[in-house]
Amino acid sequence: MHVISRKILRDFCEKHADSCEVLFSWYRVVSKAQWESLVEVQAIYSKAEAVGNFTVFNIKGNTYRLIADINYIKQRIYIKYILTHAEYDKEQWKNDPYF
């Protein structure tokens, strides 16, 4: 998978230093993956789930949520949002026109 954009990970790490190790571990795994479906994603990330048009990953024991758009055909994963659990629960990210 080609991950777009690593900058979002770096920016989030600057604000939430405790997330860096887990986020960059996620990045390493995902960038080597060749997923063709959500079932294959869940084989590695069992808590990943489809919400609207996005895939939501629990990060650091559900402390954070990474919300991504996965294009299985083009092998691209576009990181849309990384949120704290509290920010995620407000559901403002669902106002995204792609949702």
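It should be emphasised that the depicted structure is a prediction, and the values quoted were computed from it without experimental measurement.

About the criteria used
Residues numbered from 1 in each chain as written. Predicted model: local features only at pLDDT ≥ 70, side-chain atom pairs only at ≥ 80, totals over all residues. Heavy atoms only, no water. Helix = DSSP H or I, 4+ residues; strand = E, 2+ residues; numbered from the N terminus. Expected span 1.5 Å × (residues − 1). Buried < 20%, exposed > 50% of the residue type's maximum accessible area, 1.4 Å probe, protein only. Arc of directions from axis to C-beta. Contact = heavy atoms within 4.5 Å. pLDDT = per-residue confidence, 0-100.

Enquirer: Even after reading the chapter, I still don't get helix α2 (residues 20-32), so can you show me in this structure?
Expert: Working note: α-helix, 3.6 residues per turn, so residues spaced by three or four point in the same direction. In this model α2 runs 19 Å from its N-terminal to its C-terminal C-alpha over 13 residues, within 8% of the 18 Å that 1.5 Å per residue would give. For α2, the complete set of buried residues consists of L23, F24, W26, Y27 and V30. Angularly, the buried residues of α2 cover 150° about the axis, an arc narrow enough to put them on a single face. Residues of α2 that are exposed and point more than 90 degrees away from the buried face comprise E21 and K32. On its buried face, α2 sits against β1 (2-4), α1 (6-15), β3 (54-59), β4 (64-71) and β5 (76-84).

Enquirer: What should I look at first to understand the side chain of D96 in this one?
Expert: Relative to the helices and strands, D96 is located in the segment after α4 (85-89). Judged by its relative accessible area of 10%, D96 is buried. Once residues within four sequence positions are removed from consideration, D96 is found in contact with F54, K80 and Y81.

Enquirer: How should the confidence of the model for the protein be read in this particular structure?
Expert: Parts of the model with low pLDDT should not have their predicted coordinates read in detail. The share of residues in the protein with pLDDT of 70 or more is 99%, and the mean pLDDT across the chain is 94. Ranking the helices and strands of the protein by mean pLDDT puts helix α3 (residues 38-44) first, with 97, and α4 last, with 90.

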